[in-house]
Amino acid sequence: MVTLPKPKESSKPTFSQRRALFLGQDSDSIIKKFFGSSAMVAILVLGLITIFLFKEGAGFVQLYHKSLKEYRLSGLEYVDVLKEQRDGYTALTRYLNDVKADWINNLRAEGLPQSEINARVMSPEAKDFFFGYMRAGGELRGFVKKKMDLGITARDQHTTNENLRETLGNYTERIAAVSQPDFTFSDADRAKYAMRLREYSRKNTISDEISEAYGNRADAMQNGAEIEANDRGNFVVLLKDEYQDIERSIQPLDFSETIVPITEGQEEYRKLLGRLKGKLTAVIVSADAIDFENAKIDTRIARFKELNESYFNEFDNHLEKLANWDQAAPVSVWQALGAFIGGKDWVTASDQQDWYGLLPLLSGSLLISAIALFFAVPFGVGAAIYVNQIAGSIERNLIKPYIEFVSAIPSVVIGFFGVVVFGEAIRLLSQFDAMQWVPFFPVQERLNAFTAGCLLALMAIPTIFTLAEDAINNVPRHSKEASLAMGATPLQTTMRVIVPTSLSGIISAIMLGFGRVIGETMVVLLCAGNRIKIPDFTEGLGVYFEPVHTMTGIIAQEMGEVVHGSLHYRALFMVGIVLFFISLLINYSAQWVVKRYSKTGD
Amino acid sequence: MSAQKQRHIYSHRPSLRRTTERAIRWFFCLATYVVILSAGYIFANIAINGSKAVFTTQAPFINIDFLTQKPQTLHVYEPKEIYTELSQNNAKQIVLRAERKNLGSIEKEAAAILTNKINALEQRYKELDVQRKEGRLLYSDSEHRQLEEELSSALYAYSNYAYSGGGIGPAIVGTCLLVAGAIAIALTLGVLCAIYLSEYSRPGRTLQLIRLSILNLSGVPSIVFGLFGFGMFVLFFGWGVSMLAGWVTLAIMALPVIITASEESLRAIPKGFREGSLALGASKWTTVRTNVIPYALPGIMTSSIMGIARVAGETAPIMFTAAFALRDQLPWEGLDKWTDFFFQGVMALPYHIYVVSSKIPQNEYTRNMQYGAAFVFLFIVGFFALSSIILRAKIRKKYRW
């Protein structure tokens, strides 16, 4: 910076010879303004990004609110409550199937030949039990399916009506435009007019003459005839005609009527559940007739019985919930926002209700970041300490540029490496017999959170390394020398003087590394498995090997296919807003840590 | 006892503390080298497999076709007999393996017999595989169209793989165009901004705001830039998926890197240079032009190369703003008017790599294209990154004030 004393603006020195070039400004200040304006671009861009994300995301809450309101009004919400019990039953059958598979595997492991296994599994008692259980729920499934179809029909009809009304609005505008006396036909209008004429002449059954005249006129239009005076009037008539056609095709829909067939029959449903309970109880008793000859299977069957008991106990609650369901209960805008931030499902293009919940994506992103940081922090910080404190100068001069070079590897190349080599390597490794002591091996999917996390760690290490090394490097020499002079060993000096002094810098390095990991797109898109589901944390460490989806991944994957302005489109922008603010927060707190806790230079 | 007495009193004695200290030092060393080796493995893996696609054993030693041709579908004809026998062989192996697995643990002899059978089959499989590779015919789209008559399906088993034939010419061209345009925009704005920040600005609220914006911009995830570019340039301005939209989006992404690095190199110029010039009566602009920029130029060049490496490596911002998965024409072909040049989508290497690694199956036929594209891309980006690192090291040595 220049520190020359500046002459005061008010008292110009006599030797000032600068000419005013433009708007009373001299050349120097013009140049300054010119440079300054390009500096403002940074602010402008940041502002624009914020504005744009909000502009596109803004309509989301409103649209989602509307969608949720329709979800309640059309009774689909009621159907979803109904489905809970059916899904519970389905889960139980799945559990039972699992037990059966387990049984067969055990028999196989005992060394029995296939024929013997078949004879046991297909014995009449076993058949009664396993198949009987599966058959018992047919009635329930049918009942729920019927209600579901009713709900879907009502909702679809509503959506169709909405679309038709929108079309009518467009037609009104168009008719108004054509009715203007100074309306001129564009090429598109001509084509449209000719098409209308022809259609009308085909449909018109009143008089052959008119229809022939219209047909001729349409041909003439196509052959490039001039527009005549009465054409505009005809066009308006035709448009109005079409308007009425569309208006007639709207079948008025009253949600308070369509809801009746859905919610009726609760008493019948109660009886149905009672029958189901009876059947299932009878079937379960038959399980005692089967001799599994295996303690593990026996305990699982016992557990199955317990699960069934708790399933039956749910019935009353469930029925009460159904009875208390209220179509007219209001949905607030805040609920819509809450359904986004706290929503557990991300379901798009479904025939019932689309859900846009952030949680599966956020939890996936955080899980992958946690894995990445778990590896990146020790390696990155460790390497920084090694390079700055332990390594010799030749080693340092080689390693530093090398790691800087690693940071330049494009993320898509790392993702590609993950797909082709690393994911497969992990799966093969997990299938080795020697690795079977690890509880969650062998892994099911080759592309999972762990694969992506490891590769992201490699991307975060250069960031963490460079910044942490910088922070360690900034520790004043005298601290180190003082410590050594007091008789501390080099390692003591490093761990007790240098690292604590530069801790703020190291922490901010880790935060920025986290920022890089959570914002990374291509690696997670290619390697994370892309299953939209909240990871099952009850599995313990096995959760790290589940496929997940992330916030960045979902934007990259779905943005190309959405309709501009639709709810889905806006939902993706909302995810973008969340990402944007997470990155701002990380950036800001990294700075704050450095400012607040910086000990260097004291 | 005597052995201990011979030791000098100041000599090192083994102690637990010293051992742990050494162990910790080794841990740090290990951490560093694990990082270096795993990154090195990625480089080596891609370089070795990719060089098979890019280099040849004959005269120019570089596979020009791969670097210049357009991506095409690969048509594969394998000799039917061998193909059938291979698949039968494979099916037999699977059956035998399943049988072996189903055997009880007691039947050891039967298991041994099965293992022998499987080994024999595997042996045969390898022989057949060599024959298959000798006997197969590979055609790209254009060659396939030129075939006089279809190869008879009685003799050959046919399969095809999208993107796997031809080369990556349009993708390389597209990447170069995208990077060149983006860097031109970013460099102009970035250097001007850096000059303002280091030479003209006076501390105040505006300056703080500018710095804060730059800092925050550098942390925003690349996909958010992509989202912004898509919403603003592609949809709102109506440019469509176009090179121009890609340029601006990428330029905005590169801005913080270029501004920060350029400013740093401007600030490194000693005050005396400026003061001397001002003392001789030069105006501010003359001072900056003659006594600051020339000395900062090498540093600015370095920062711009670093910006290139960053811009070239990104995929997410161009995914929906500029890149097409497949485009037959090169950007200068088939233009109605010259402005169309800016409003067309192009193929780009990073997006191409994404497409070939996620949208087509992985096998021996697609592998060449996948690794080749990754290798070329890594080479281009690595070249820029390396030159920026080397240049910077040189400048630091050269200019010491």
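Remember, it's a predicted structure, so these values are computed and weren't measured experimentally.

Conventions adopted
- Residues numbered from 1 in each chain as written.
- Chains lettered and ligands numbered in written order.
- Predicted model: local features only at pLDDT ≥ 70, side-chain atom pairs only at ≥ 80, totals over all residues.
- Heavy atoms only, no water.
- Helix = DSSP H or I, 4+ residues; strand = E, 2+ residues; numbered from the N terminus.
- Rg over C-alpha atoms; globule rule 2.2 N^0.38 Å.
- Buried < 20%, exposed > 50% of the residue type's maximum accessible area, 1.4 Å probe, protein only.
- Areas by Shrake-Rupley, 256 points an atom, 1.4 Å probe, with all protein chains shown as cover.
- Lys, Arg positive; Asp, Glu negative; His and termini not counted.
- Charge placed at Lys NZ, Arg CZ, Asp CG, Glu CD.
- Axes fitted to C-alpha atoms, helices over the stretch in contact; angles between N-to-C directions.
- Parallel < 35°, antiparallel > 145°, perpendicular 65-115°, else oblique.
- Left-handed = near helix turned anticlockwise from the far one by under 90°.
- Contact = heavy atoms within 4.5 Å.
- Pairing = 2+ DSSP bridges.
- Salt bridge = Lys/Arg side-chain N within 4 Å of Asp/Glu carboxyl O.
- Buried area = accessible area lost by both parts, 1.4 Å probe.
- Polar contact = N/O pair within 3.5 Å; in protein donor to acceptor, adjacent residues only side chain to side chain.
- Nonpolar A, V, L, I, M, F, W, Y, C, P; charged D, E, K, R; others polar.
- Domains from an automatic or database assignment.
- Phe/Tyr/Trp six-rings, centres within 6.5 Å; stacked < 30°, edge-to-face > 60°.
- Lys NZ or Arg CZ within 6 Å of the ring centre and 35° of its normal.
- Patch = residues over 30% accessible without salt bridge, like charges linked within 9 Å, V, L, I, M, F, W, Y side chains within 5 Å.
- Arc of directions from axis to C-beta.
- Disulfide = S-S within 2.5 Å.
- pLDDT = per-residue confidence, 0-100.

## Things to note about the overall build of chain B
Move 1: When you go through chain B residue by residue, the secondary structure sums to 15 helices and three strands.
Move 2: Whereas a compact globule of 401 residues would reach a radius of gyration of roughly 21 Å, chain B reaches 31 Å, over 25% beyond that.
Move 3: By principal-axis analysis of the C-alpha atoms, chain B measures approximately 100 × 95 × 45 Å.
Move 4: Looking at chain B as a whole, 46% of its 401 residues qualify as buried.
Move 5: Of the roughly 21000 Å² that chain B leaves accessible, carbon and sulfur atoms contribute 61%.
Move 6: Charged side chains of chain B number 41 positive and 27 negative; the gap between the two group centres comes to 21 Å.

## Some remarks on the packing of helix 16 (residues 449-473) of chain A against helix 19 (residues 503-518) of chain A
Relative placement of two packed helices is described by the angle separating their axes and the distance separating the axes.
Residues and elements named next belong to chain A.
Move 1: The interhelical angle for the contact between helix 16 and helix 19, taken along N-to-C directions, is 155°, at an axis separation of 8 Å. Between helix 16 and helix 19, the angle is such that the two are roughly antiparallel. For the pair helix 16 and helix 19, the crossing hand works out as right-handed. Note on element contacts: helix 19 touches helix 16 through Gly-505, Ile-506, Ala-509, Ile-510, Leu-512, Gly-513, Arg-516 and Val-517, opposite Leu-456, Met-459, Ala-460, Thr-463, Ile-464, Leu-467, Ala-468, Ala-471 and Ile-472.

## Describing the sheet that holds strand 2 (residues 137-140) of chain B
All names here are of chain B.
Move 1: One open sheet accounts for three strands, arranged 2-1-3; its pairing is antiparallel. If you trace the sheet from one side to the other, it starts and ends with strand 2 and strand 3 (156-166), each paired once. When strand polarity is set aside, the average angle formed by the axes of neighbouring strands in this sheet is 20°.
Move 2: Across eight bridges, the pairing between strand 1 (residues 71-79) and strand 3 is antiparallel. Paired with Glu-78 across the two strands is Ala-157, which belongs to strand 3.
Move 3: Against the sheet, helix 15 (residues 364-398) makes contact with strand 1, strand 2 and strand 3, and its axis sits at roughly 10° relative to strand 3, the strand it touches most.

## Regarding the pattern of salt bridges
Move 1: One pass over the structure, following the stated rule, counts 30 salt bridges over all chains.
Move 2: Of the charged contacts, one joins Arg-270 of chain A and Glu-267 of chain A as a salt bridge, the two residues approaching to 3.8 Å between their closest N and O atoms. A residue pair is termed a helical-turn pair when its members lie 3 or 4 positions apart in one helix, as Arg-270 of chain A and Glu-267 of chain A do in helix 10 (residues 266-286) at three residues.
Move 3: By relative accessible area, which is 42% here, Arg-270 of chain A ends up partly exposed.
Move 4: Lys-337 of chain B is paired through a salt bridge with Asp-340 of chain B; the nearest N and O atoms lie 4.0 Å apart.
Move 5: Classification of Lys-337 of chain B as exposed rests on a relative accessible area of 51%.
Move 6: Within this structure, Glu-78, Asp-129, Arg-132, Arg-136 and Glu-364 of chain B form a network of salt bridges that share partners.

## A short note on the interface of chain B and chain A
Move 1: Across the contact, 90 residues belong to chain B and 84 residues belong to chain A.
Move 2: The largest contributions to the chain B side of the interface with chain A come from Phe-28, Ile-42 and Leu-227 of chain B, which together make up 8% of the buried area.
Move 3: Inspection of the chain B/chain A interface yields six residue pairs in polar contact (both at pLDDT 80 or more).
Move 4: In terms of residue count, the dominant contributor to the side of chain B that touches chain A is helix 2 (residues 16-54) of chain B (20 residues).
Move 5: Among the residues forming the side of chain B that touches chain A, the class breakdown is 55 nonpolar, 23 polar and 12 charged.

## A look at the domain arrangement of chain B
Residue and element names in this part refer to chain B.
Move 1: One can read the domain layout of chain B as domain 1 (2-54), domain 2 (74-166) and domain 3 (169-398).
Move 2: Just the C-alpha atoms count here: the centres of domain 1 and domain 3 sit 38 Å apart.
Move 3: For the pair domain 1 and domain 3, the summed buried area comes to about 710 Å², and 78% of that belongs to carbon and sulfur atoms.
Move 4: Between the two partners, domain 1 and domain 3, sit zero salt bridges.
Move 5: Summed over the shared surface of domain 1 and domain 3, the number is one residue pair in polar contact (both at pLDDT 80 or more).

## Re the packing of aromatic side chains
Pairs of aromatic rings are described using the distance from one ring centre to the other and the angle between the two planes.
Move 1: Counted by the stated rule, this structure contains 49 aromatic pairs over all chains.
Move 2: Seen from their ring centres, Phe-60 of chain A and Phe-340 of chain A are 5.1 Å apart, and the 65° between their planes marks the pair as edge-to-face. Of this pair, Phe-60 of chain A sits in helix 1 (residues 27-73) while Phe-340 of chain A sits in helix 12 (residues 333-341), and the two are 280 residues apart along the sequence.
Move 3: Sitting above the plane of the Tyr-95 of chain A ring, Arg-300 of chain A keeps its charged end 5.2 Å from the centroid.
Move 4: The residue whose ring lies beneath Lys-284 of chain B is Tyr-200 of chain B, and the NZ or CZ to ring-centre distance is 5.6 Å.

## What to know about the pairing of strand 1 of chain B
All names here are of chain B.
Move 1: In terms of burial, strand 1 is a largely internal element, eight of the nine residues being buried.
Move 2: Two strands pair when backbone bridges link them, and strand 1 and strand 2 are joined in this way by four bridges, in the antiparallel orientation. The partner of Tyr-77 across the bridge, within strand 2, is Leu-137.

## Looking at a nonpolar patch on the surface
Move 1: A surface patch of nonpolar side chains, amounting to about 370 Å² of accessible area, comprises Phe-55, Phe-61, Ile-62 and Ile-64 of chain B.
Move 2: Among the secondary structure elements, Phe-55 of chain B is positioned in the loop between helix 2 and helix 3 (64-68).

## What to know about helix 12 of chain A
All names here are of chain A.
Move 1: Within helix 12, burial applies to Ala-336, Ala-339 and Phe-340. Along helix 12, the residues classed as buried sweep out an arc of 100° about the axis, all on the same side.
Move 2: Looking at the buried residues of helix 12, the elements they touch are helix 1, strand 4 (355-356) and helix 22 (567-597).

## Re unusual backbone geometry
Move 1: At Asn-530 of chain A, a position not held by glycine, the phi torsion is positive, near 50°.
Move 2: On the secondary structure map, Asn-530 of chain A appears in the loop between helix 20 (522-527) and helix 21 (551-558).
Move 3: On the basis of relative accessible area, Asn-530 of chain A is assigned to the partly exposed category, the value being 24%.
Move 4: The backbone of Tyr-163 of chain B sits at a positive phi, close to 65°, despite the residue not being glycine.

## What about the state of the cysteines?
Move 1: As enumerated under the stated definition, the model contains zero disulfides over all chains in all.
Move 2: Not part of a disulfide, Cys-454 of chain A finds its nearest cysteine sulfur in Cys-527 of chain A, a span of 10 Å.

## What to know about the domain arrangement of chain A
Residue and element names in this part refer to chain A.
Move 1: Split by domain assignment, chain A resolves into domain 1 (26-73), domain 2 (76-179 + 256-327), domain 3 (180-249) and domain 4 (365-597).
Move 2: Computed over C-alpha atoms, the centres of domain 2 and domain 3 are 55 Å apart.
Move 3: Opposite the 11 residues of domain 2 that make contact, domain 3 presents 15 residues.
Move 4: Surface buried jointly by domain 2 and domain 3 totals about 1300 Å² across both partners, of which 67% is contributed by carbon and sulfur atoms.
Move 5: When the area that domain 2 buries against domain 3 is broken down by residue, the three leading residues are Leu-168, Tyr-171 and Val-178, summing to 46%.
Move 6: Joining domain 2 to domain 3, the criterion identifies zero salt bridges.
Move 7: Across the side of domain 2 that touches domain 3, the residue classes tally to seven nonpolar, three polar and one charged.

## With respect to the confidence of the model for chain A
Move 1: Predicted confidence across chain A gives a mean pLDDT of 82, with 93% of residues reaching 70 or more.
Move 2: Within chain A, the element-level pLDDT minimum falls on strand 1 (residues 20-22) of chain A, averaging 62, and the maximum on helix 13 (residues 359-390) of chain A, averaging 93.

## Considerations on the environment of Ala-101 of chain A
Residues and elements named next belong to chain A.
Move 1: With respect to the helices and strands, Ala-101 occurs in helix 2 (residues 76-109).
Move 2: Given the relative accessible area of 36%, Ala-101 is considered partly exposed.
Move 3: Measuring from C-alpha to C-alpha, the distance between Ala-101 and Leu-168 comes to 58 Å, with 67 residues separating the pair along the chain.

## Details of a positive patch on the surface
Move 1: Together, Arg-496 of chain A together with Arg-17, Arg-18, Arg-22 and Arg-25 of chain B line one region of the surface with positive charge.
Move 2: Here the positive patch gets four residues from one element, more than from any other, and that element is helix 2 of chain B.
Move 3: Tracing the backbone through its elements, the reader meets Arg-22 of chain B in helix 2.
Move 4: The exposure class assigned to Arg-22 of chain B is exposed, which follows from its relative accessible area of 55%.

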